[in-house]
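Fold and contact review
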Amino acid sequence: MVRKPTKGSSNYERNSHRDRSNSDQSTISRRRYLRTGAAVGTAAAIGGCLGGSGESGDELTVGYALPFTGTYAMLGESIVNGFEMYLEQQGGEIDGREVETVRRDTEADTNRGVDVTRELLIEEQADAIVGPVSSAVAIAIMDTIESEASAIWLNANAGDYRITQDGCLDYHFRTSFNDWQTSAPLAEWVYENIADNVCLAYADYAFGQNSKNFFGEAFEEAGGEIVSEVGAPLGTDDYSTYLGQIESSGADAVFSFFAGSDAVGYVSAFADYGLNEEMTQTGSGFLLSEDTLPAQGEAALGMYSLLHYTPAQESERNQTFVENYRSAYDSTANVYACQGYDSAQAFATGIEESGSADPDELSSALSGMEIDSPRGSFRFNEQTHEPVQNMYVREVVQSDGEQPVENQVVETMESVEGPTWGCDLS
Amino acid sequence: MIESIVRATLLGVQSGMTLALIAAGLTLIFGMLDVINFAHGALYMLGAYFGSVIAVEFGSFWLALLLAPLLVGVVGIAIEMFSLRPLYGRNPLYHILLTFGFAIMIQGAVVQIWGGQARQIARPTMLTGTLSLGVVNYPVYRLFVLMISTALIGGVWLAIDRSDLGIIMRASAHDTEMVDALGIDVSKVFTGVFVLGAILAGLAGVLLGASRSVNPGMGMGIIIEAFVIVVIGGLGSFRGAVLAALLIGLVTSYGALIAPTLTDLLLFGLMAVVLMVKPNGLFGATEAA
């Protein structure tokens, strides 16, 4: 069944990179869109009748299945920025083929996510799906990606390990991180450097639970003791009561998983109650990331977190990336932009290596491939297609930049290899 | 254990009094204008955003606390005069649709202007740190919020109960035509009530924005709680709203202590029980204000 593309709908934007320098971009891409849209529609219709493959001419199509509205809009935009910056650097072409990008808004909703993924795969004949941000959406679109089998899936943010455990898809490549990576490796470091007993505090939903479980298991394995566990509902307004429970646990350190506005509310209340003086705050990197630190400010000083990317990282590769990003978008690069950038790198090198956009050939080219990322180079694990990457322990310190505080890397864990969760694609 | 209970009680009273600022405005607007104002949460959120912008631009929390609610009041004037006024006396469904529309528009505008990232309102140094209250240490800022909210609620109550303006307000709610015939411009009174409600919501926004986080979801979150409070207290009753706000504040903070995942359930359970025993709420129907 081929549906007609919806013209001019608000969450729909087509962007041809060859046209980007053109001043009257919107008219041209609209006209281009009408033309190619009709062509693709017809091609798809014929293709559908003949049951043939989805190779559509010489152009490469990248479909963004990302949230562009709502709470996660900033994440979606950053991923697109990173991806398009890499394309610009390549002159808008990969392996001599023009790249076209299509945005679809998942609204971080599972049903909508499945719909837009299907649209991108069937109507737009996308060669790659970039996204989503939400793990719930990622789990929901696994079936579609697998059954269509027409595109590579560059997972630029959704970190739930169950995508590997339950899905274990040949087309899935995580260009971001998984929830094990941002929690478990920190356990041993905390045990050796901070305390031998911790309290676990987490946002009570799948990702928060996964993170605290991974950390808890690894911490006990290292010889430490979990004194207490405190779960707060997602979107809690006031953390006072939970902080009371954390304080009365008497632990010397706390490992926390909160993100976004929850992280802001939690960290400022933590400092408010003076808990900073009684215990050391540690957590997954999203507790203290570039999108929350400006609001957390000095309340976050001295807290430790674990993530695969930090804009303040002092490597030449990263400095260049941060500078280019600033001149292109007039803002500081963040972890999401880096994940978008690396998705583009993976797509490009995969195409160049295999000389084809066929997802099966792309997949075997990408498996085990090394990506020269701003975060430090990483490799896709042959068995799971998870990134084998450096993880960085960061401490929040005073900064003389535009924000009062920033993350400073205090320890680098090299090429952290995670569990395979029974997935073997090699 | 005692520590936890003392702390939860303090938190419950404090958040109850701040919630009362929001619920009081909501119930006054309903009691006098017969309008169910779904945009009230959005006005609360606007207060927080205005506050955070002013605090950043001018570096002063006090200026934010003073100016932001007034700016929200100006938005309130605009909403009342240009959109609500033509709809008075019509089916309440119109008011609900209109104000719900405003809530969505304001939320959309906030995301467009300030993005989806959470912000904060920086507090003055004199309000940071903790104060030892015997068994527990409690943040100075939260004590300040408790005091200022209580004072404001007391002030509003006095104004409604004792001042001439309060008498006119209550009279307008009771019999609009008669007050009009006596030579008082009722439409101005209505605008005044709506603006008062907006200012109180804006104030709560600044006060809470500085101890929680300022984000685009905060308005939708608080409006549910505020409605539960207004329903429990009795639609239109100021006294009821304040009492119910304290009750909800305490239930929420004790609930978080015992069963964090069930606090919402407790909230609505309480509402159901109150409505079964007293269908008009604690102070509903029998009194106007």
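Just so it is clear, the model here is predicted, and its values are computed rather than measured. Along each chain, residues carry numbers from 1 onward, in the same order as the chain's sequence is written. Each chain takes a letter, starting from A, and each ligand takes a number, starting from 1, following the order in which they are written. Local features are withheld for residues below a pLDDT of 70 in this predicted model, meaning they are given only at 70 or higher, and side-chain atom pairs are given and counted only at 80 or more; totals for whole chains, interfaces and linings count all residues. Side-chain figures throughout are based on the complete set of non-hydrogen atoms in the structure, without hydrogens or water.

1. Quick word on the overall build of chain B
This is how it is decided: Helix and strand assignments come from DSSP, with helices taken as H or I runs of at least 4 residues and strands as E runs of at least 2, each series counted from the N terminus. Computation of the radius of gyration draws on C-alpha atoms, with the globule rule given as 2.2 Å multiplied by the number of residues to the power 0.38. We call a residue buried when its accessible area falls under 20% of the maximum for its residue type, exposed when it is over 50%, and partly exposed in between, using a 1.4 Å probe and counting protein chains only. Residues count as neighbours in contact if any of their non-hydrogen atoms are within 4.5 Å of one another.
Looking only at helices and strands, chain B features eleven helices and two strands. Along chain B, helices and strands appear, N-terminal first, in the series α-α-α-α-β-β-α-α-α-α-α-α-α. Scaling as 2.2 N^0.38, a compact globule of 289 residues should have a C-alpha radius of gyration of about 19 Å, and chain B matches this with 19 Å. The 289 residues of chain B split such that 52% are buried. For chain B, long-range pairs separated by at least 24 residues make up 77% of all intrachain contacts whose partners lie at least 6 apart in sequence.

2. Re a negative patch on the surface
Residue and element names in this part refer to chain A. Note the threshold: Distance thresholds for patches are 9 Å for like charges and 5 Å for nonpolar side chains (Val, Leu, Ile, Met, Phe, Trp, Tyr), applied to residues having over 30% relative accessible area and no salt bridge. Only the protein chains shown count as cover for residues, and the accessible areas themselves come from Shrake-Rupley with a 1.4 Å probe. Should a side-chain nitrogen of Lys or Arg be within 4 Å of a carboxyl oxygen of Asp or Glu, the pair is scored as a salt bridge. By the counting scheme adopted, Arg and Lys are positive, Glu and Asp are negative, and His together with the chain ends is not counted. By convention, the point assigned to a charge is CZ for Arg, NZ for Lys, CD for Glu and CG for Asp.
A surface patch of like charges, here negative, comprises Asp 196, Glu 217, Glu 220, Glu 221, Glu 225 and Asp 252. Tallying contributions element by element places helix H7 (residues 206-221) first for the negative patch, with three residues. Along the chain, Glu 221 turns up in helix H7.

3. What to know about the side chain of A:Thr236
Residues and elements named next belong to chain A. Filter applied, for reference: Two N or O atoms count as a polar contact when they lie within 3.5 Å, although within protein this holds only if one can serve as hydrogen donor and the other as acceptor, and sequence-adjacent residues are included solely when both atoms are side-chain atoms.
Within the secondary structure layout, Thr 236 lies in the loop between strand E9 (225-232) and helix H8 (240-248). Of the residues examined, Thr 236 reaches a relative accessible area of 14% and is grouped as buried. At 2.6 Å, the side chain of Thr 236 and the backbone oxygen of Pro 233 are in polar contact. In contact with Thr 236, not counting residues within four places along its chain, are Tyr 242 and Asp 262.

4. Here's the deal with a nonpolar patch on the surface
Where nonpolar side chains cluster on the molecular surface, the patch consists of B:Ile77, B:Met81 and B:Phe82 and spans about 300 Å² of accessible area. Inspection of the secondary structure puts B:Ile77 in helix H3 (residues 61-84).

5. As for the packing of helix H11 (residues 316-329) of chain A against helix H12 (residues 335-354) of chain A
Residue and element names in this part refer to chain A. Stated precisely, the cut-off is as follows: Axis definition: a line fitted to C-alpha atoms, over the contacting stretch in the case of helices. Angles run 0 to 180 degrees between N-to-C directions. Each angle is binned into one of four classes, with values under 35 degrees roughly parallel, values over 145 roughly antiparallel, values of 65 to 115 roughly perpendicular, and all other values oblique. Polarity classes work like this: nonpolar for Ala, Val, Leu, Ile, Met, Phe, Trp, Tyr, Cys and Pro, charged for Asp, Glu, Lys and Arg, and polar for all others, with Gly in that last group.
Their axes nearest at 12 Å, the elements H11 and H12 cross at an angle of 105 degrees. When the axis of H11 is compared with that of H12, the two are roughly perpendicular. Contacts between H11 and H12 involve Arg 317, Phe 321 and Tyr 325 from the first element and Ala 337, Cys 338, Tyr 341 and Gln 345 from the second. Tallied by class, the residues present in the contact of H11 with H12 amount to five nonpolar, one polar and one charged.

6. Section: the interface of chain B and chain A
Just so we agree on the cut-off: A quick way to say it: buried area is the sum, across both parts, of accessible area lost when two parts are put together, with a 1.4 Å probe.
Contact residues are listed per partner, giving 24 residues for chain B and 25 residues for chain A. In this assembly, chain B packs against chain A so that about 2200 Å² is buried in total across both faces, 51% of it on carbon and sulfur atoms. If you sort the residues of chain B by the area they bury against chain A, B:Arg7, B:Gln117 and B:Arg212 come out on top, with a joint share of 25%. Summed over the shared surface of chain B and chain A, the result is six salt bridges. The partner of B:Arg7 in a salt bridge is A:Glu247, and the shortest N-O contact between them spans 2.2 Å. Linking chain B with chain A are eight residue pairs in polar contact (both at pLDDT 80 or more). Grouping the constituent residues of the side of chain B that touches chain A by class yields seven nonpolar, eleven polar and six charged.

7. A few points about the pairing of strand E10 (residues 253-257) of chain A
All names here are of chain A. For clarity, the cut-off: For two strands to be treated as a pair, DSSP must find no fewer than two bridges joining them.
Buried residues dominate E10, accounting for five of its five residues. Taking every second residue as pointing to the same face, both faces of E10 are buried, with Ala 253, Phe 255 and Phe 257 on one and Val 254 and Ser 256 on the other. Both strand E8 (residues 197-203) and E10 contribute to a ladder of five bridges, which runs parallel. Its bridge partner being in E10, Cys 199 is matched across the sheet by Val 254.

8. What about the state of the cysteines?
Residue and element names in this part refer to chain A. Worth spelling out the cut-off: Disulfides are defined as pairs of cysteine sulfur atoms found within 2.5 Å of each other.
Scanning the model with the defined rule gives one disulfide over all chains in all. With its sulfur 1.9 Å from that of its partner, Cys 168 forms a disulfide with Cys 423. Here the S-S torsion is close to 80 degrees, and the disulfide linking Cys 168 with Cys 423 is therefore right-handed. Placement of the pair is Cys 168 in the loop between helix H5 (162-167) and strand E7 (172-174) and Cys 423 in the segment after strand E16 (405-416), with a sequence separation of 255 residues. Its relative accessible area of 23% is what places Cys 168 among the partly exposed residues.

9. Let's talk about H11(A)
Residues and elements named next belong to chain A. Here is the rule we go by: Multiply 1.5 Å by the residue count of a helix minus one, and that product is the helix's expected span. For this quantity, the arc is that covered by the directions from the helix axis to the C-beta atoms.
The end-to-end C-alpha distance of H11, which contains 14 residues, comes to 20 Å, matching closely the 20 Å that a straight helix rising 1.5 Å per residue would cover. Considered for burial, the residues of H11 that qualify are Asn 318, Phe 321, Val 322 and Tyr 325. Down the axis, H11 shows its buried residues gathered within 95 degrees of arc, on one side only. Within H11, the exposed residues directed more than 90 degrees away from the buried face are Glu 316, Glu 323 and Ser 327. The inward-facing, buried residues of H11 abut helix H2 (73-89) and H12.

10. Considering the pattern of salt bridges
Going through the model one piece at a time under the given rule, you end up with 21 salt bridges over all chains. The salt bridge partner of B:Arg142 is A:Asp272, with a shortest N-O separation of 3.5 Å. Taken as a pair, B:Arg142 in helix H5 (residues 140-162) and A:Asp272 in helix H9 (residues 260-272) lie in two separate chains rather than in one. With respect to class, B:Arg142 is no different from A:Asp272; both count as buried. Where salt bridges share partners, they join A:Asp237, A:Asp238, A:Asp272, B:Arg123, B:Arg142 and B:Arg212 into one cluster.

11. Digging into the confidence of the model for chain A
Let me state the cut-off plainly: By definition, pLDDT measures how confident the predictor is in each residue, and it falls between 0 and 100.
On average, residues of chain A score 87 in pLDDT, and 87% of them reach the 70 mark or higher. The low-confidence segment residues 1-13 of chain A (pLDDT under 50) makes 27 contacts with residues lying over four places distant or belonging to another chain.

12. Some remarks on the packing of helix H6 (residues 164-174) of chain B against helix H8 (residues 186-209) of chain B
Residues and elements named next belong to chain B. At their nearest, the axes of H6 and H8 sit 10 Å apart, and the two run at 105 degrees to each other. Taken together, H6 and H8 sit at an angle that is classed as roughly perpendicular. Together, Ile 168, Met 169 and Ser 172 of H6 and Val 186, Val 189, Phe 190 and Val 193 of H8 make up the contact between the two elements. Across the contact of H6 with H8, the residue classes break down as six nonpolar, one polar and no charged.

13. Some remarks on helix H11 (residues 263-277) of chain B
Residue and element names in this part refer to chain B. Here H11 contains 15 residues, and its C-alpha end-to-end distance of 21 Å stays within 8% of the 21 Å for a straight helix at 1.5 Å per residue. All of the buried residues along H11 are Thr 263, Leu 267, Met 271 and Val 274. Projection of H11 onto a plane perpendicular to its axis shows the buried side chains occupying an angular sector of 90 degrees, all on one side. Among the exposed residues of H11, those pointing more than 90 degrees away from its buried face are Leu 265, Met 276 and Val 277. In this structure, the buried residues of H11 make contact with helix H9 (218-233) and helix H10 (238-258).

14. What about the nonpolar core?
Convention followed: Put simply, a nonpolar core is a bunch of buried Ala, Val, Leu, Ile, Met, Phe, Trp, Tyr and Cys residues held in one set by side-chain atoms that sit within 4.5 Å of each other.
By size, the foremost hydrophobic cluster in this structure holds 80 residues, and its most contacted members are B:Leu33, B:Tyr44, B:Phe61, B:Tyr141, B:Phe144, B:Ile153 and B:Phe238. No other element matches H8(B), which puts 13 residues into this core. Residues contacting B:Phe61, with those up to four places away along its chain left out, are B:Ile121, B:Ala122, B:Arg123, B:Pro124, B:Leu127, B:Tyr141, B:Phe144, B:Val206 and B:Ala210. Counting 50 residues, the second largest nonpolar core, distinct from the first, contains A:Val62, A:Met74, A:Tyr86 and A:Phe380.

15. Some details on the packing of aromatic side chains
Selection rule: Between 30 and 60 degrees the pair is tilted, below 30 it is stacked and above 60 it is edge-to-face, where a pair is any two Phe, Tyr or Trp rings, Trp via its six-membered ring, whose centres lie within 6.5 Å. Criterion for a charge above a ring: Arg CZ or Lys NZ at most 6 Å from the ring centre, at most 35 degrees from the ring normal.
Taken as a whole and judged by the stated rule, the model has 34 aromatic pairs over all chains. Centre to centre, the rings of B:Tyr141 and B:Phe144 are 5.9 Å apart; their planes meet at 45 degrees, and the pair counts as tilted. In this pair, B:Tyr141 and B:Phe144 are both assigned in helix H5, three residues apart and thus about one turn of the helix distant. A relative accessible area of 0% places B:Tyr141 in the buried class. Here a set of aromatic residues connected by ring pairs shows up, and it is made of A:Tyr86, A:Tyr309, A:Phe321, A:Tyr325, A:Tyr329 and A:Tyr341. Here B:Arg123 stacks its cationic end above the ring of B:Tyr141, 5.1 Å away from the centre of that ring.

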